[in-house]
Amino acid sequence: MKKTFKGIYLFLIMLFLYLPIFTLMVLSFNGGKTMNAWVGFSLEWYEEMFANRQIMEALGNTVSIAFWAASASTVIGVLACMGISAMKEKPRTLLMGLNNIPLLNADIVTGISLMLSFLMFGISLNYGTVLMAHITFCIPYVILSVMPKFRQLENHTYEAALDLGATPAYAFFKVVLPDIMPGIVSGFLLAFTMSVDDFVITHFTRGAGINTISTLIYSQVRVGIRPMLYALSTLIFVTVFIILIVVNIISHKKEEKES
Amino acid sequence: MALIELIDISKSFDGELVLDEFNLKIEENEFITLLGPSGCGKTTTLRILGGFETPDTGRVMFQGEDITHLEPNKRQINTVFQKYALFPHMNIADNIAFGLKISGKSKEYIKDKVKYALKLVNLSGYEKRSVDSLSGGQQQRIAIARAIVNEPRVLLLDEPLGALDLKLRQEMQYELIRLKNELGITFLYVTHDQEEALTMSDKVVVMNQGYIQQMGTPEEIYNEPENAFVADFIGDSNIIDGVMMEDRVVKICDHIFPCIDEGFGRKTPVDVVIRPEDVIIGRPGEGILDGVVTSNVFIGVHYEMCIEAGGFEWLAQNTVSYPVGAHVSIGVTPENIQIMNKPQSEDEEAMALDE
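Bear in mind the structure is a predicted one, so any value in this text is a computation, not a measurement.

## Notes on the overall build of chain A
Stage number 1. Helix and strand counts for chain A stand at eleven helices and zero strands.
Stage number 2. Listed by position from the N terminus, the elements making up chain A come as α-α-α-α-α-α-α-α-α-α-α.
Stage number 3. For a compact globule of 259 residues, the expected C-alpha radius of gyration is about 18 Å, and chain A comes in at 23 Å, more than 25% above that figure.
Stage number 4. A principal-axis box enclosing the C-alpha atoms of chain A has dimensions of 75 × 65 × 35 Å.
Stage number 5. Burial status across chain A gives 36% buried among its 259 residues.
Stage number 6. Long-range contacts, defined as pairs at least 24 residues apart, comprise 71% of the intrachain contacts of chain A with a sequence gap of at least 6.
Stage number 7. In the structure as shown, chain A presents an accessible area of about 15,500 Å², 72% of it carried by carbon and sulfur atoms.
Stage number 8. Averaged over its 17 positive side-chain charges, chain A has a centre that lies 5 Å from the centre of its 15 negative ones.

## Considering helix α3 (residues 107-120) of chain B
All names here are of chain B.
Stage number 1. For α3, built from 14 residues, the straight-helix expectation of 20 Å at 1.5 Å per residue is met to within 8% by its first-to-last C-alpha distance of 20 Å.
Stage number 2. Along α3, the residues classified as buried are I110, K113, V114, A117, L118 and L120. Along the long axis of α3, the arc covered by the buried residues comes to 155°, so they all point the same way. More than 90 degrees from the buried face of α3, the exposed residues found are E108, K111, D112, K115 and K119.
Stage number 3. As for α3, its buried residues are in contact with α2 (92-102), α4 (136-148) and α5 (166-183).
Stage number 4. Residue N122 follows α3 closely and has a positive phi angle near 60°.

## A short note on the nonpolar core
Stage number 1. Core analysis: the largest hydrophobic core is formed by 37 residues, its most contacted members being I96(B), L118(B), I142(B), I144(B), L155(B) and L176(B).
Stage number 2. Listed by contribution, the elements that provide at least two residues to this core are α2, α3, α4, β7 (154-158), α5 and β8 (186-191) of chain B.
Stage number 3. The element contributing the most residues to this core is α4(B), with six residues.
Stage number 4. Excluding residues that lie within four positions of it along the chain, L155(B) makes contacts with N78(B), V80(B), A147(B), I148(B), I185(B), T186(B), F187(B) and L188(B).
Stage number 5. Ranked by size, the runner-up nonpolar core spans 30 residues in total, among them A69(A), F150(A), A191(A) and I210(A).

## Here we look at empty space enclosed by the protein
Residue and element names in this part refer to chain B.
Stage number 1. A complete count under the given rule lists one cavity of 30 Å³ or more for this structure.
Stage number 2. Here the largest cavity is characterised by a volume of approximately 40 Å³.
Stage number 3. Every residue along the wall of the largest cavity is listed here: L46, R47, F52, T79, F81, L156 and D158.
Stage number 4. Elements represented by at least two residues in the lining of the largest cavity include exactly α1 (42-50) and β7.
Stage number 5. Among the residues forming the lining of the largest cavity, the class breakdown is four nonpolar, one polar and two charged.

Calculation rules
Residues numbered from 1 in each chain as written. Chains lettered and ligands numbered in written order. Predicted model: local features only at pLDDT ≥ 70, side-chain atom pairs only at ≥ 80, totals over all residues. Heavy atoms only, no water. Helix = DSSP H or I, 4+ residues; strand = E, 2+ residues; numbered from the N terminus. Rg over C-alpha atoms; globule rule 2.2 N^0.38 Å. Buried < 20%, exposed > 50% of the residue type's maximum accessible area, 1.4 Å probe, protein only. Contact = heavy atoms within 4.5 Å. Areas by Shrake-Rupley, 256 points an atom, 1.4 Å probe, with all protein chains shown as cover. Lys, Arg positive; Asp, Glu negative; His and termini not counted. Charge placed at Lys NZ, Arg CZ, Asp CG, Glu CD. Expected span 1.5 Å × (residues − 1). Arc of directions from axis to C-beta. Core = buried A, V, L, I, M, F, W, Y, C linked by side-chain atoms within 4.5 Å. 1 Å grid on protein atoms, 1.4 Å probe; cavity = no way out; pocket = protein on both sides within 12 Å on 5 of 7 lines; lining within 4 Å. Points joined across faces, edges and corners; volume = space filled by probe spheres on them. Nonpolar A, V, L, I, M, F, W, Y, C, P; charged D, E, K, R; others polar.

And the structure:
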């Protein structure tokens, strides 16, 4: 009895979580334009999507912005962590507190304030401003995921490397970096996802003519949504799903190897 | 010329003085131990020698050369850290070879040297193992191997046995003595464990609050403590107020005890140190003063008893157990009574105070 109840409960949760996505995926293969009737299986929306220059451009922008924003914020974030971890207790706590504020801050506030700052300094809104905005809001995420690694760094390994004759740079790359690498990778991935996911901040900092997937879909909704966007959404979902599985398998294998 | 000389070193952290005009000479091929409670400045001394801290004032001399501001990677000194500090993402061979690779040694040389170092610490064949798969004691040996392959002139050891259990600690103590003799290099050892200090060292430096309290061979430190702090810190002891009546006669608890110390003058107040194992327990009237056993604890090798006698609670160790409440007498042979001057000034008093 208890077991069946558990099963039903779990099934319901899964249903609520994944039914909408499943609906979307099914509809992306629907032959007709209608949202509420199954006409027949077809790949025409996928063809249309790949042929659509606007979508392909937006997709390219999304990926390139996410990649560069994640890369830049990872470098900046790791350097920041090095500095913060060398600080004394009080300023460190203060800085970590300040680091958390942008995370909790409403996107709309960040977006508008960034837009105002850009305009105030006479920077016209374009690809560059979006990238800068993304780097800005990604840094706290990187710091958040790298900082714990710095704190649990194997005691004194850096000093031990110096003691054995390593220069500070050699010690950092050979000893410290491999130790904090998992934090850096997860920080990078987190920043990448946050950047791909963002709509509000991008919306305010992009100029005319620059679109990412989310802003493109938003602008299309106003003129009526075409099923090719279902195809696009399906593609994004499947991509993320595959990446997730691969990452999990890799980290699982690594754990097995270590133990 | 001494191998290492610390001259007038002072160091403070956040306004707190950790070392105050500290002076120390370390001779070639010596096993020297800095012993003291935590916060006494022993680890800071070690870190200044390793190059991880710069003293506020004073100089560090290495073979007559000033190395006060030399970076740690340029010193002929290697350190074994308290928590081993092995590199977790490298295997054992790579850990040990780390320093050799930096100094650009050939592959053949490195391979031989790693093998030799592993043999020296009794872990032959562990080259390919990962750090995590080793026990604490084994990791400690690897940390030592990693330091000694570089053939340093001095090996600094920062409480290296602190994380090990008792049995392993005792084994490692003998291991370290053997290593020191085989390598013929200078060991500077830091610990708060008086047993470790006494077992291994050629010379013990007892420190408290940034000052050297006493320096000497383990026997000197144990048998002839110079002040109450050393007496109290090294082993258990009874430290009793006494009055030196004349040469070789001291009055403790209103009873006259013969002793062997001279030159304290007449009727001089002194501190008297008597080790608990030197307290002779007998039947009432047999010893110098009578008392009552107030507690009795069995601690393995012997019984540890407190005896209330002459207004002082004496700590005594004996293989014979006397039950609580028993009437006994206490005696001490003259050569087991150690007389110390009382601190003359407040400054001296502060030095002797425990934290």
